[in-house]
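Breakdown of the fold
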Amino acid sequence: MGETEKVSSDAAHTESSIQKKEKEKKKRSRVNKVLSEIKKQVEFWFGDVNLHKDRFLQEQIQKSRDGYVDISVLTVFNKMKKLTTDVKLIARALKNSDVLELNVEATKLRRRLALGVQPQDVDARTIYVELLPKNVSHSWIDRVFSKCGNVVYISIPRYKTSGDPKGFAFVEFETTSGAQKAIESLNNPPEDAPRKPGVFPKTVKNKPVPGLISSDGIAPEEKEKEKEKKKEKEIE
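Let us look at the structure shown here.

1. A few points about the overall build of the chain
For the chain, the helix and strand inventory stands at eight helices and six strands. Starting at the N terminus and walking to the C terminus, you meet the elements of the chain as α-α-α-β-α-α-β-β-β-α-β-β-α-α. Looking at the chain residue by residue over its 236 residues, the buried ones come to 35%. In the chain, of all internal contacts separated by at least 6 residues, the share reaching a separation of at least 24 is 58%.

2. Description of the sheet that holds strand β4 (residues 126-129)
Spatially, the three strands line up as an open sheet ordered β4-β6-β5, and their pairing is antiparallel. Bordering the open sheet on either side are β4 and β5 (151-155), each of which pairs with just one other strand. Neighbouring strand axes in the sheet, compared pairwise and without regard to direction, differ in orientation by 20° on average. Of the strand pairs in this sheet, β4 and strand β6 (residues 169-173) are connected by four bridges, and their pairing is antiparallel. Opposite T126, over in β6, you have E172 as the bridge partner. Here helix α6 (residues 138-145) sits on the sheet and contacts β4, β5 and β6; the angle it forms with β5, its principal contact strand, is near 140°.

3. Thoughts on the packing of aromatic side chains
One pass over the full model with this rule turns up seven aromatic pairs. When the ring of F44 is compared with that of Y153, the centres are 6.3 Å apart and the planes differ by 25°; the resulting orientation is stacked. Taken together, the residues F44 in helix α1 (residues 3-45) and Y153 in strand β5 connect sequence positions 109 residues apart. Overall, F44 belongs to the partly exposed group, its relative accessible area being 30%. Look at Y153 and you get buried, because its relative accessible area is 18%. Both rings, one in F168 and one in F170, keep their centres 6.0 Å apart while their planes meet at 90°; by these two values the pair is edge-to-face. For the residue pair F168 and F170, the accessibility class agrees, reading buried in each case. Taken together, the ring pairs connect W45, F56 and F77 into an aromatic cluster. Here the guanidinium or amino end of K53 rests over the ring plane of Y153, the centre of that ring lying 4.4 Å away.

4. Description of unusual backbone geometry
If a residue is not glycine, its phi is most likely negative; likewise, a peptide bond is most likely trans. Positive phi, normally seen in glycine, also occurs at A106, with a value near 60°. Here A106 is to be found in the loop between β2 (100-102) and β3 (108-111). Within the chain, L131 stands out as a residue other than glycine whose phi angle is a positive 60°. Looking at the secondary structure, you find L131 in the loop between β4 and α6.

5. A closer look at the side chain of R111
Inspection of the secondary structure assignment puts R111 in strand β3. Apart from residues no more than four positions distant in its own chain, R111 is found in contact with F46, G47, D48, L51, V99, L100 and E101.

6. Focus: the side chain of N50
Relative to the elements of secondary structure, N50 occurs in helix α2 (residues 48-51). A polar side-chain atom of N50 sits 2.9 Å from the main-chain carbonyl oxygen of W45. If near-sequence neighbours (up to four positions away) are discounted, N50 is found in contact with F44, W45, L57 and Y153.

What counts, and at which threshold
Residues numbered from 1 in each chain as written. Predicted model: local features only at pLDDT ≥ 70, side-chain atom pairs only at ≥ 80, totals over all residues. Heavy atoms only, no water. Helix = DSSP H or I, 4+ residues; strand = E, 2+ residues; numbered from the N terminus. Buried < 20%, exposed > 50% of the residue type's maximum accessible area, 1.4 Å probe, protein only. Contact = heavy atoms within 4.5 Å. Pairing = 2+ DSSP bridges. Axes fitted to C-alpha atoms, helices over the stretch in contact; angles between N-to-C directions. Phe/Tyr/Trp six-rings, centres within 6.5 Å; stacked < 30°, edge-to-face > 60°. Lys NZ or Arg CZ within 6 Å of the ring centre and 35° of its normal. Polar contact = N/O pair within 3.5 Å; in protein donor to acceptor, adjacent residues only side chain to side chain.

Keep in mind that these numbers describe shape and distance, not what the molecule does.
And the structure:
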C-alpha cells in the first residue's frame, strides 16, 4: 500500500471512529432522557399529591402486605406506554430514587415513606380554570400557571367517547399564595381583550376551590355530566 493510500485509509478509519462515538453519545443521551422522564413520572404517581387522589394505586398498595406494587402494573398506563413497557428499564430508572425503593429482584416498587394524612388546605390551593384550548395539555397549563407559583397537580377532564379535553381544568398549587396570584393575574380579562380559548383562563367567582360551586350551587364537573346525560336521552 502506498503512502497516500495509507494516509487516506487512516483518515477514513478516524472519521468512522468519530461517527461511531457520536452515534453512541446520542444513543446514551436519548436513553438518559427516557430514564429521567420515567423516574419523574413514577415519582409523581407515588408522590403525596397524586397518591392521595389516585384510588387505583391506593388499591394496589393495599393489596400488598409490604406495600410493594408490581412494576408491570405501571406499563398499562398510557403515559408510561409512550415512554416504555420494559419493566427492567423502569427499574433501572428508579434505582437511585429518593422517593421509591425496589425489591431485591427489581420487579416491584414502593414508597420509602408511608403516605401521610391529606393536607386540609388542598381546596384553598386549587383553582378551576376554563376557556382552555381544544388541544390543551398538562405541559401547556404548567407553563402558563407556573408563572404564578409551583404547580403540583393538574386535572384535565376529558370526554370518554373521544378523549378530547372538556375545556376546563383544575390546577393545584404548592401554596395558597400561588393560587391567589393565578386568580388575580389570569382572571377577568379586560373588555377589549380577545376572547380566544386559552388566552385568559378563568376561575369561578374569583375564588379558589371551594369556590368551584357556581351561583346555581352546581359544580362545573356535575354540570358537564348533566349535559351528557341530557344528550344521551335526546338521542334515545
